[in-house]
Amino acid sequence: MEFFKIRRDIPFMRHALAFNVISFATFALAVFFLFSRGLHLSVEFTGGTLMEVSYTQAADVGKIRDTVADLGFKDVQVQNFGTSRDVMIRLPAQKGVSTAQQSEAVMTALKAASPDVNLRRTEFVGPQVGDELTHDGLKALAVVVLGIMIYLAFRFEWKYAVAAIIANLHDVVIILGFFAYFQWEFSLPVLAAILAVLGYSVNESVVIFDRIRENFRRYRKMNTVEIINNAITSTISRTIITHGSTEVMVLSMLLFGGPTLHYFALALTIGILFGIYSSVFVAASIAMWLGIKREDLIKGPAKKEEDPNDPNAGATV
């Protein structure tokens, strides 16, 4: 399926150096904001009070969130769980205020707004739980990166693995940089979105690398730069279809999913946009700088030479 077919290869690699400089500058800014501002961690990581309340009828989550926010609590998380009548409230820890005092103040305000509310349970989430989640999250990120690198090294060659990992980490650090600069809340759903972006971004890199390998086998007279330009150009239609449809779904969550899905969808939106950029202008260009060549991938006899600008040449996208 193709929306269009470009007849002449776009010289992407002609501007590889300029785009790499932009990528490095963006990456450096993201690292700077991470160290200077830090991440605004949610209750799961910092500790706080967890409350579960129930109503006799469907609960108005927005009204509950406003009621709790009026008490002076910042970064309150309010969401349905189980049924529309059950609500979970997460309150950040406050110095000099116990869990019992927090829950009592919240329940007083909720009962004043709606007398049919009942407290089902309340508990304190300690900072040690947040430390454990932080370590587990970092372990999960490390395992994903290592798994991707091993997979690409076996499927292609180590130069491609290094290029893809640098591009993927580029996406992750930039997402974290956005959250650090704007002080958006970093929660477990955001961590899940980052892990999803890693897999999503590497998929685009694999598609381009696979086409590069196919081009090396097919076009014997083309040099490496021409091979890469042809590979990226020939997959543009596929990129627009897949990334466009995914971005539409993510934007719908961002615009209509409410506060619960807001930062999750925001992280995915940033990750998808930079994932497209990094696959073309980071992964492919780094692979070029590392000196990929036909001998790295071709083990068997070459296929018959084809004209890359022939409308009938190339595999189906």
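Presented here is a report on the structure given in the accompanying data block. All figures in this text were calculated on a predicted structure; none of them were measured in a lab.

Where charged atoms from two side chains of opposite charge approach closely, those side chains can pair. Taken as a whole and assessed by the stated rule, the structure comprises 5 salt bridges. The closest approach of N and O atoms between arginine 121 and glutamate 52, which form a salt bridge, is 2.7 Å. You can see arginine 121 sitting in strand β5 (residues 118-125) and its partner glutamate 52 sitting in strand β2 (residues 48-54), a full 69 residues away along the chain. Note that glutamate 214 and arginine 218 form a salt bridge whose closest N and O atoms lie 3.0 Å from each other. Taken together, the residues glutamate 214 and arginine 218, both in helix α7 (residues 188-218) and 4 residues apart, mark about one turn of the helix. Accessibility expressed as a relative area gives 21% for glutamate 214, which makes it partly exposed.

Take the pairing of strand β4 (residues 83-92) next. Among the 10 residues of β4, 7 are classified as buried, and the element is accordingly described as predominantly covered. With 7 bridges connecting them, β2 and β4 associate as antiparallel partners. If you follow leucine 50 over to β4, its bridge partner there is arginine 90. Pairing analysis gives 5 bridges linking strand β3 (residues 77-81) to β4, with the strands arranged antiparallel. Of the residues in β4, the one forming a bridge with valine 78 is isoleucine 89. In textbook terms, the turn of a hairpin is the stretch between consecutive antiparallel strands, and for β3 and β4 this stretch comprises 1 residue, one of which, glycine 82, has a positive phi near 75 degrees.

The next thing to look at is unusual backbone geometry. Backbone geometry at glutamine 183 places phi at a positive 55 degrees, although glycine is not the residue there. Note that glutamine 183 resides in the loop between α6 (158-182) and β6 (185-186).

What counts and how
Residues numbered from 1 in each chain as written. Predicted model: local features only at pLDDT ≥ 70, side-chain atom pairs only at ≥ 80, totals over all residues. Heavy atoms only, no water. Salt bridge = Lys/Arg side-chain N within 4 Å of Asp/Glu carboxyl O. Helix = DSSP H or I, 4+ residues; strand = E, 2+ residues; numbered from the N terminus. Buried < 20%, exposed > 50% of the residue type's maximum accessible area, 1.4 Å probe, protein only. Pairing = 2+ DSSP bridges.

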